[in-house]
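Fold and contact review
Listed below are the residues making up each chain.
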Amino acid sequence: MNHWAADDGTITEALLGTPAGDGTTHLAPLGFRRSGAHVVLAPFHPSRTLDHLREHGVASISHTDDVRVFAGCLSGRRDWPLAACEHIACARLRDAVSHHELRVLRIDDSDAQRPRFVCEELLVCGHRPWTGFNRAQAAVLEACILVSRLHMLPLPQVREQFDALRIAIDKTSGSREREAWQWLLARLQAFEAAQAAGEASR
Ligand SMILES: Cc1cc2nc3c(=O)[nH]c(=O)nc-3n(C[C@H](O)[C@H](O)[C@H](O)COP(=O)(O)O)c2cc1C
């Protein structure tokens, strides 16, 4: 049992690396939680992450304070520097603050839309100090969630929440958070334009 990690339903957002089968590693933002000594991953069907986990049974979790990696994965910028894991045939973020290496122990398929992968941790490794909370980073993460659900949420609600998150960006961001925000804003604007064009042609 890791005493530094809560086993109380807390969901931690991170970058999950899974082997793509061609020697490369697929990176995707994913939330995970703990259950006793284990880590539980719950990727939606269909997704590459789910297919890779089923096929290869290993994954890396990378924690980063560079929110551009989260925003990048949602805006076609997946090419981040990676490093090989120690115990599994998979890579992790090279510049991670810390990372975990996981092996899938069992798969709970009772929810066909969202199977649960229960994993053991083969390694948890810190690489450099975590530098503390930043509101703009939290705002970028929230905006990432909104962008990942553009097809599911009412567009005016997404725009309203973006405008609210912008306050933290304006007050507390550094250059990395500003860049990530611009990528996400561009995605939202492109989606809004496509929706407006679709409505105009109806
Ligand atoms: C912060 C954050 C957390 C996410 N957590 C999950 C998750 O727990 N399960 C999931 O299926 N998708 C989650 N997503 C969405 C996936 O990152 C996204 O759907 C991804 O592209 C997975 O599809 P892929 O494996 O085909 O790339 C999350 C997105 C963000 C931004």
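What comes next is a walk through the structure.

Cut-off values and rules
Residues numbered from 1 in each chain as written. Predicted model: local features only at pLDDT ≥ 70, side-chain atom pairs only at ≥ 80, totals over all residues. Heavy atoms only, no water. Axes fitted to C-alpha atoms, helices over the stretch in contact; angles between N-to-C directions. Helix = DSSP H or I, 4+ residues; strand = E, 2+ residues; numbered from the N terminus. Parallel < 35°, antiparallel > 145°, perpendicular 65-115°, else oblique. Left-handed = near helix turned anticlockwise from the far one by under 90°. Contact = heavy atoms within 4.5 Å. Nonpolar A, V, L, I, M, F, W, Y, C, P; charged D, E, K, R; others polar. Salt bridge = Lys/Arg side-chain N within 4 Å of Asp/Glu carboxyl O. Buried < 20%, exposed > 50% of the residue type's maximum accessible area, 1.4 Å probe, protein only. Polar contact = N/O pair within 3.5 Å; in protein donor to acceptor, adjacent residues only side chain to side chain. Phe/Tyr/Trp six-rings, centres within 6.5 Å; stacked < 30°, edge-to-face > 60°. Near = heavy atom within 4 Å. Areas by Shrake-Rupley, 256 points an atom, 1.4 Å probe, with all protein chains shown as cover. Pairing = 2+ DSSP bridges. Expected span 1.5 Å × (residues − 1).

Let's talk about the packing of helix 3 (residues 135-148) against helix 5 (residues 175-200)
Axis separation between helix 3 and helix 5 bottoms out at 10 Å; the angle between their running directions is 20°. What the angle tells us is that helix 3 and helix 5 run roughly parallel. Every pair of crossing elements has a handedness; the one defined by helix 3 and helix 5 is left-handed. Note on element contacts: helix 5 touches helix 3 through R176, E177, A180, W181, L184 and R187, opposite A136, Q137, A139, V140, A143, C144 and V147. Here the residues of the contact of helix 3 with helix 5 are counted per class, giving nine nonpolar, one polar and three charged.

Quick word on the pattern of salt bridges
What the rule picks out here adds up to 12 salt bridges. Note that E179 and R68 form a salt bridge whose closest N and O atoms lie 3.2 Å from each other. With E179 in helix 5 and R68 in helix 2 (residues 68-73), the pair connects residues that are 111 residues apart, well separated along the chain. A relative accessible area of 34% places E179 in the partly exposed class. Exposure remark for R68: the relative accessible area of 21% places this residue in the partly exposed category. When the shortest N-O distance is used, the salt bridge between R159 and D163 registers 3.5 Å. Note that R159 and D163 are positioned in helix 4 (residues 155-172) at a spacing of four residues, about one turn of the helix. Judged by relative accessible area, which is 24%, R159 ranks as partly exposed.

A closer look at the side chain of E121
Within the secondary structure, E121 is located in strand 8 (residues 116-126). Looking at E121, the relative accessible area reads 18%, which means it is buried. Reaching out from E121, the side chain makes a polar contact with the side chain of R34 at a distance of 2.6 Å. Here H100 takes part through its side chain, which lies 2.7 Å from a polar atom of the side chain of E121.

Overview of the packing of aromatic side chains
Taken as a whole and judged by the stated rule, the model has three aromatic pairs. Ring geometry for W80 versus W183: centroids 6.3 Å apart, planes at 50°, classification tilted. On the criterion of sequence distance, the pair formed by W80 in the loop between helix 2 and strand 5 (82-84) and W183 in helix 5 is long-range, its members being 103 residues apart. Here W80 and W183 have matching classes, each one buried.

As for the environment of D7
For D7, the location among the structural elements is in the segment before strand 1 (12-19). A relative accessible area of 37% places D7 in the partly exposed class. At a separation of 2.9 Å, a polar atom in the side chain of D7 contacts the main-chain amide nitrogen of G36.

As for the site of the ligand
Neighbouring the ligand are 16 residues; H26, P29, F44, R48 and T49 lie closest to it. The separation between an oxygen atom of the ligand and a polar side-chain atom of H26 is 2.8 Å. P29 is positioned such that a nitrogen or oxygen atom in its backbone is 2.6 Å from an oxygen atom of the ligand. Protein burial of the ligand: of its 630 Å² of free accessible surface, 83% is covered by the chains. Looking at which element gives the most residues to the shell around the ligand, the answer is strand 2 (residues 25-35), with four residues. Its residues assigned to classes, the shell around the ligand shows eight nonpolar, four polar and four charged.

Remarks on the sheet that holds strand 4 (residues 58-63)
Strand order in the closed barrel made by the six strands is 1-2-3-8-7-4, with antiparallel pairing throughout. Averaged over all adjacent pairs, the angle separating strand axes in this sheet is 45°, with direction ignored. On the sheet, helix 1 (residues 48-56) packs against strand 1, strand 2, strand 3 (38-41), strand 4, strand 7 (98-108) and strand 8 and is oriented at approximately 55° with respect to strand 1.

A closer look at helix 5
Its 26 residues place the ends of helix 5 37 Å apart at the C-alpha level, agreeing with the 38 Å of an ideal helix rising 1.5 Å per residue. Inspection of helix 5 places E177, A180, W181, W183, L184, L185, L188 and F191 among the buried residues, and these make up the whole buried set.

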